[in-house]
Amino acid sequence: MTKRCLSRTIFGALLSAPFLLHPFQSKGQSELLIPSEAVAVFSINNFQLLQKISLDELIQYEFMNEIHQEIFDGSTNGRTIKDSGIDFKQKLNVFFGQNERFELAGFTFGINDQKALFEVFDDFDKQTDESEFVQHYRSYFNHLLIKGQAGLLIRVDPNESWVRKHTDSIWFSRGHDRIPGETDWDEAEEEILGEDADWSEDMDNEMFAIDDELSALEDGDESLILLSEEDLLQENYNDLKDSVFLAFQERYFQEVMVHLFLENKNLSGADPELAALLTHGSEAVFFMDNSRNVVNSSNFSQFRTLFPTLHRDLKELYKGNKVLGDLYLKDDQIEAKITTTYGDALGRIYAKMNNTKFDGKVTRYIHDESPMYFNYNVNLQEAYDQAYQLIIPLLKEQKNTRIATNVLVVEVLNEFLNKEAIFDTYKGSMFASYSGVKTVQVTQLEYTYDEDFNYEEKEVLMDQEIPIFTLGFSTERNDIPEMVLRQLAKMTSKCKKVKDYWVFEEAILNSLPIYIINQNDLFILTNDERLIVNTKGFGKNRLGRKKRKAIKKSGFLYAKSDWNAVMEGIPETMLSDKNREVFKVLKTQGGVMELKSSSTTTRKTDFTLTYTYEGKYENSGKYVLDVVNSLFVILK
Amino acid sequence: MRFIILFPFVLGMLLSLTSCIEILDDISLNKDGSGTLKYNVNLSASKVKINSVLALDSLEGKRVPELVEIEDYLRKFVFHLDQEKGISNVVLESDYDNFMFKLSCDFVSLERLQNGIKAALKQVVKNPDDVKLSDQDMWIFFAEGRWTRSIPDLEIPKKNNLSLEEIEDLKKGSYISITRFEYPVKSVSNPKAVIAKNKLAVMVRENAYAVLENPNVLENTIMINSEK
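Quick caveat: nothing in here was measured; it's all calculated off a predicted structure.

Thresholds applied
Residues numbered from 1 in each chain as written. Chains lettered and ligands numbered in written order. Predicted model: local features only at pLDDT ≥ 70, side-chain atom pairs only at ≥ 80, totals over all residues. Heavy atoms only, no water. Pairing = 2+ DSSP bridges. Helix = DSSP H or I, 4+ residues; strand = E, 2+ residues; numbered from the N terminus. Axes fitted to C-alpha atoms, helices over the stretch in contact; angles between N-to-C directions. Contact = heavy atoms within 4.5 Å. Buried area = accessible area lost by both parts, 1.4 Å probe. Salt bridge = Lys/Arg side-chain N within 4 Å of Asp/Glu carboxyl O. Phe/Tyr/Trp six-rings, centres within 6.5 Å; stacked < 30°, edge-to-face > 60°. Buried < 20%, exposed > 50% of the residue type's maximum accessible area, 1.4 Å probe, protein only. Parallel < 35°, antiparallel > 145°, perpendicular 65-115°, else oblique. Left-handed = near helix turned anticlockwise from the far one by under 90°. Nonpolar A, V, L, I, M, F, W, Y, C, P; charged D, E, K, R; others polar. Core = buried A, V, L, I, M, F, W, Y, C linked by side-chain atoms within 4.5 Å.

Caption draft 1: Spotlight on the sheet that holds strand E1 (residues 22–29) of chain B. Residues and elements named next belong to chain B. Reading across the sheet, the 7 strands line up as E5-E6-E2-E1-E9-E12-E11 and stay open at both edges, with mixed pairing between neighbours. Edge positions in the sheet fall to strand E5 (87–95) and strand E11 (193–195), since each of these pairs with one other strand and no more. Strand-to-strand, the axes of this sheet are offset by a mean angle of 10 degrees, without reference to chain direction. As defined by bridge partners, E5 adjoins strand E6 (residues 100–107) across 7 bridges and the pair is classed as antiparallel. The residue bridging Leu92 from the neighbouring strand is Leu103, located in E6.

Caption draft 2: Focus on the interface of chain B and chain A. Contact residues are listed per partner, giving 38 residues for chain B and 30 residues for chain A. Summed over both partners, the interface of chain B with chain A buries about 3,000 Å², with 56% contributed by carbon and sulfur atoms. Counting every contact that joins chain B to chain A gives 2 salt bridges. For A:Glu451, the salt bridge identified is with B:Lys197, shortest N-O distance 3.8 Å.

Caption draft 3: Fine view of the packing of aromatic side chains. Residue and element names in this part refer to chain A. By the definition in use, this model includes 24 aromatic pairs over all chains. Centroid distance Phe107 to Phe109: 5.4 Å. Interplanar angle 45 degrees. Geometry classified as tilted. Here Phe107 and Phe109 have matching classes, each one buried. Taken together, the ring pairs in this structure connect Phe102, Trp162, Phe248 and Tyr252 into an aromatic cluster.

Caption draft 4: Highlighting the packing of helix H14 (residues 344–354) of chain A against helix H15 (residues 380–396) of chain A. Residues and elements named next belong to chain A. Packing of H14 against H15 leaves a shortest axis separation of 7 Å and a crossing angle of 160 degrees. Our classification of the angle between H14 and H15 gives roughly antiparallel. As H14 runs across H15, the sense of the crossing is right-handed. Within the contact between the two elements, H14 uses Ala345, Arg348, Ile349, Lys352 and Met353 and H15 uses Glu382, Ala383, Gln386, Ala387 and Leu390. Split by residue class, the contact of H14 with H15 holds 6 nonpolar, 1 polar and 3 charged.

Caption draft 5: Broad picture of the packing of helix H3 (residues 67–83) of chain B against helix H4 (residues 110–124) of chain B. Residues and elements named next belong to chain B. H4 packs onto H3 with a crossing angle of 140 degrees between their chain directions and a minimal axis gap of 9 Å. In terms of orientation, H3 and H4 fall into the oblique class. Crossing handedness for the pair H3 and H4: right-handed. Here Tyr73, Lys76, Phe77, His80 and Leu81 of H3 lie close against H4, whose contacting residues are Gly116, Ile117, Ala120, Leu121, Gln123 and Val124. Looking at side-chain class alone, the contact of H3 with H4 contains 7 nonpolar, 3 polar and 1 charged residues.

Caption draft 6: Highlighting the sheet that holds strand E13 (residues 220–224) of chain B. Residues and elements named next belong to chain B. A sheet is described by the order of its strands in space; here 4 strands give the open sequence E7-E8-E13-E10, paired in antiparallel fashion. Pairing within the sheet leaves two strands with one partner each, and these edge strands are strand E7 (140–143) and strand E10 (185–188). Looking at each pair of strands side by side, their axes are set apart by 15 degrees on average, direction ignored. With 4 bridges connecting them, strand E8 (residues 146–149) and E13 associate as antiparallel partners. For Arg146, the partnering residue across the bridge sits in E13 and is Met223.

Caption draft 7: Representation of the environment of B:Pro191. All names here are of chain B. Position of Pro191 relative to the elements: it lies in the loop between E10 and E11. Given the relative accessible area of 79%, Pro191 is considered exposed. Expressed as a C-alpha distance, the spacing of Pro191 and Asn220, which sit 29 residues apart in the sequence, is 8.8 Å.

Caption draft 8: Expanded view of the nonpolar core. Of all hydrophobic cores here, the largest spans 51 residues; its most connected members are B:Phe77, B:Leu81, B:Phe107, B:Leu113 and B:Trp147. In terms of residue count, the dominant contributor to this core is H4(B) (6 residues). One finds A:Tyr237, A:Tyr252, A:Val256 and A:Met257 within the second-largest nonpolar core, a separate group that totals 34 residues.

Note that every value here comes from positions in space, so none of it alone points to a role or purpose.
Below, the structure written as structure tokens:
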């Protein structure tokens, strides 16, 4: 099975497995094969609703043909996913993990027929290191481990930065003084132009001329010999890097296998929250451990090296930070219930930040017919105060000059700056809306000709369609943005005050004006001309009572989007033929998406994301499959 | 033809950014064979779209160049054109608010002009082999009162999958070619060609979509009365 086939198999299994699982599935062994190094898991559970779609129905979909072709390497002979040897009574668990040294990815699944399974995994070779209880097969860098009635397909790769670091270390220890292929560009520029060169147009011309000379030198010059030596050096370096990569790959794969099979450490055993999640009756669950994901990632590797104590303290700060979710497929709705959990420290920050009173004035500026809008309600000052109390002591403990300097700067600024003024001006809360598309007039230049074909330029107006949007921020200091705008108006004629609002000409894409409404504790940017007619809001056309209530009841975050209405506003002539077909599918099979949050405690925040679709479908599963199949047919 | 040779390159480069384009090439020929070229590209009708595209990193899988790169490209072309023998007074006026560009230069002969343009193009394109024109290729000829323009086969790949809107915009755009002489014009071969009232100029005008589909629509033979 090729790498492409592996990805396709994962995709196919992800898509089809939910529809195939029997309601009374056995407690699977597949969950026990999720490595403890994984930080994210997506687990497909039993779908009581979707058992209405039989396997025979599923394999009729056109996209399944391609999956079958991939699984059976082109020669299906009438076989389908039913014949793959996979036990659809067990859960399918897809996982991913990363730390400073390596990343791993794969999935675990149930097996009911090993012989059939190896007609799918036909390019996997048996390895001789198997134990009595575990069978090990391998195809290039992919490993298949089978224990009892469950299988684990996994790939472990060392991180590029980790490999690079060790390769460079070995390289320099062998007596080399630089890494081949790396050039100091500043040095090169100085060499060509001289130390005191100031850049000017003449320099451009000189560079063009030098560029031409270099091109001319390419044929049979002495420099060609030097290039060859460099190429050889580069090749040696690359060979060394490959060897380091392979050595680490093998070492880390063994490490993961020892943990999993000899020490019996798996993620569901190590993490009680994941274990609990896997017992839920939802159609799928997902899990992410941010406490290991963020600070253990390779992006933090340099930070880890330079500030090990601080890195350890940050890990402590993120402890308990996880994302847990359930996915439900209801009659005409797909619902995701997500919980983010925090440790004590972060929890205190988020609780202070997110529990802030909803500003009802915001809804005056969202039109009732707006197909898409969102509101974000936070108190940045509370968050800052909490974070300051928490993080500065941590930083002060570090015995490092750079950190000490930064801490000093922060503490001094904290004393001198008027934090109230800053956070009253920008409180952190914001809202935005999209209200369809409008036609505006923009200027263009045209040539006019006389009878002897002499011509001159003339400015004319033409129609242009642009999206209508509004973006607003809460503020208790309207006077500060007003001060800035007054100065801006003196600096450029494009900015001017008209009655009780400001207009900035050619602000959008250098062509269209933007209007600024700065009053009533709100600072609003918009290109919706209805709002400059009455800057107090849409009046009776504002967001309806039911919709306002929904925003108010939601915690710090609320978003809603009616995709059918959004797409109504998009002119089809803007799309190519193919995109227009995709667009038609999405338009007829679109729905309404809504995101709500609960209030935040020091331990967690709950989110609910629902997608309610229109049209007649037996169930949500059939809806998802129909959309996927329509898109597949168009895009293939 | 002059700058029809430039047109596919210009259009090819710009087609990802815009569809509504107006190109004007205006050549004035003196009695001694020297002359002046003016080549104007007007994209003001698409400036909103261009600005929105330039704000992106990539579009349809292709990297969107930054404005400084486009400026560099044009300056490089002007620099190389100015270096060519027989070409002088090369000037480029750029208006990046309206996306309007005007190139002008003087030349001592049509041959020098065509060779100069070819050479300058080969210097600026990434792969000079993409400029499928040899040193011997010429498309404008003027001798004994007969001016001939033909269109070379440049094998410039066309952009596929144009939306309806792009096609409509291209049809609204235009390519205008004006040729001016010091002698009166007797006749023209292109059915779309129009002779000026003073009989000293010929204009051929076609929409940008038609030119993209078939550049030969701009071919023309002009007979002038050189005895007068």
